[in-house]
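Tertiary structure, described
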Amino acid sequence: MTDTVMNTYLDYLEQKRIHYIYGYASSIYLLAQHAHKTGFTGRIKCCFPTSEVLRDEFYDTIKEAFKCDILDSYGANDGSISAFALNR
């Protein structure tokens, strides 16, 4: 993701008043890093990282940048097995 692409995403989040983000943990982390660097002021209520291990660094950066709750989701959706962890 380039800075231009991430600026577009952040602008969209702010303009459309998006409150929830769902996606790969590493992608949300990269967007959160950029949001922190650029002074993003939108209000995200909760992030739903999925499909990858939510490393401590990812968790801390996402939480700080978006000032939101984090509902870590993992499982095998094809087998209807899911689990969630709210914050840490």
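Whatever comes next refers back to the structure up there.
So, here's what we can say about the structure. (Residues numbered from 1 in each chain as written. Predicted model: local features only at pLDDT ≥ 70, side-chain atom pairs only at ≥ 80, totals over all residues. Heavy atoms only, no water.)

**Observations concerning the environment of A32**
As for its position among the elements, A32 is in helix α2 (residues 25–38). Exposure remark for A32: the relative accessible area of 0% places this residue in the buried category. Sequence-wise, A32 and M6 are 26 residues apart; in three dimensions their C-alpha atoms are separated by 9.5 Å. Sequence-distant contacts of A32, that is, excluding residues within four places in its chain, are made with T61, I62, A65 and F66. (Helix = DSSP H or I, 4+ residues; strand = E, 2+ residues; numbered from the N terminus. Buried < 20%, exposed > 50% of the residue type's maximum accessible area, 1.4 Å probe, protein only. Contact = heavy atoms within 4.5 Å.)

**What to know about the packing of aromatic side chains**
This model, assessed by the stated rule, comprises three aromatic pairs. On the numbers, 6.2 Å between centres and 40° between planes, the contact of Y20 with F48 is tilted. Residue Y20 is found in strand β1 (residues 20–24), and its partner F48 is found in strand β2 (residues 46–50); the two are separated by 28 residues along the sequence. Between Y29 and F58, the aromatic rings sit 4.2 Å apart at their centres with planes inclined by 20°, giving stacked as the arrangement. Taken as a pair, Y29 in helix α2 and F58 in helix α3 (residues 56–66) lie far apart in primary sequence, 29 residues in all. Y29 gets classed as buried once you look at its relative accessible area, which sits at 9%. (Phe/Tyr/Trp six-rings, centres within 6.5 Å; stacked < 30°, edge-to-face > 60°.)

**Structural notes on the nonpolar core**
Among the nonpolar cores identified, the biggest contains 21 residues, and I44, C47, I62 and F66 are the most heavily contacted of them. The element contributing the most residues to this core is α2, with six residues. Those residues in contact with C47 that lie beyond four places of it in its chain are I21, I28, I62, F66, C68, D69, I70 and L71. (Core = buried A, V, L, I, M, F, W, Y, C linked by side-chain atoms within 4.5 Å.)

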